[in-house]
Amino acid sequence: MKIVALSGSVVGSKTRTAMDYTVNTLKEKYPSHEVTLIDLADYDIQFSDGRNYLEYEGDTGFVTKTIMDADAIIIGTPIFQASIPATLKNIFDLLPVNAFRDKVVSMLATAGSAKHFLILENQLKPILGYMKAQIVQSYVFIEEEDFQRKEIVNHDVLFRIERLVDDTVVLTETYQRIRDEQDAKYDF
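Residues numbered from 1 in each chain as written. Predicted model: local features only at pLDDT ≥ 70, side-chain atom pairs only at ≥ 80, totals over all residues. Heavy atoms only, no water.

### Observations regarding the overall build of the protein chain
When you go through the protein chain residue by residue, the secondary structure sums to five helices and eight strands. What you see for the protein chain is a C-alpha radius of gyration of 16 Å, in line with the 16 Å of a compact globule of 188 residues. The principal-axis extents of the C-alpha atoms in the protein chain amount to approximately 55 × 35 × 30 Å. Of the contacts formed within the protein chain by residues at least 6 apart in sequence, a portion of 76% connects residues at least 24 apart. For the protein chain, the accessible surface area stands at approximately 9,900 Å², while carbon and sulfur atoms represent 49% of it. (Helix = DSSP H or I, 4+ residues; strand = E, 2+ residues; numbered from the N terminus. Rg over C-alpha atoms; globule rule 2.2 N^0.38 Å. Contact = heavy atoms within 4.5 Å. Areas by Shrake-Rupley, 256 points an atom, 1.4 Å probe, with all protein chains shown as cover.)

See the structure below:
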């Protein structure tokens, strides 16, 4: 199974801290799965101009192709000005409308306060649904107070990240098994 952990911002450290913990949990619990961390801060991504994602080269081509090749994606995003960052939205714009068909997508958000708790529900879930994702219904929301010196200090948050990892893997395996059983019926 190929899993992409996407850290969806080019600034700040909290989302990357949470995604590092997520990736480490994935690698410890599921060592046979291929896990790739894509931190948008590490790449020079072009703005979407309507081309097919296969026509992009360089960092943009690498990121879009890696996402398209994944079986599951865990998206980590900060909440800025009561919204997801433009860098993350640009990734969605670079991909085709059915980019997440047959993919499981889960979400994690970092924010300065609890006031932004429903941003994932109201903004990110509709985008993922439109792009045909199988969405893990529970997500992780991490507030400013859950961090200290670039570490997550809230044990409940750590537990919820571990649960998100498990839910993502189990749901992906389940959907794959169902698809394999359906494909076997057609004998081709």
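### Notes on the layout of surface pockets
Considering only enclosed or pocket space, the largest pocket measures out at about 220 Å³ in volume. Surrounding the largest pocket, 17 residues form its lining, G12, S13, K14, P78 and T110 being those nearest its centre. Of all the secondary-structure elements, those providing two or more residues to the lining of the largest pocket are α1 (14–29) and β4 (104–111). The element contributing the most residues to the lining of the largest pocket is α1, with three residues. Of the residues assigned to the lining of the largest pocket, the class counts are six nonpolar, seven polar and four charged. (1 Å grid on protein atoms, 1.4 Å probe; cavity = no way out; pocket = protein on both sides within 12 Å on 5 of 7 lines; lining within 4 Å. Points joined across faces, edges and corners; volume = space filled by probe spheres on them. Nonpolar A, V, L, I, M, F, W, Y, C, P; charged D, E, K, R; others polar.)

### A short note on the side chain of T22
In this structure, T22 sits in helix α1. Look at T22 and you get buried, because its relative accessible area is 0%. With sequence-adjacent residues up to four places away left out, T22 is seen in contact with I74, L108, I161 and V165. (Buried < 20%, exposed > 50% of the residue type's maximum accessible area, 1.4 Å probe, protein only.)

### Thoughts on a nonpolar patch on the surface
Together, V10, V11 and F80 give the surface a local cluster of nonpolar side chains, amounting to about 250 Å² of exposed area. Mapped onto the fold, F80 is located in the loop between β3 (72–78) and α3 (86–94). (Patch = residues over 30% accessible without salt bridge, like charges linked within 9 Å, V, L, I, M, F, W, Y side chains within 5 Å. Salt bridge = Lys/Arg side-chain N within 4 Å of Asp/Glu carboxyl O.)

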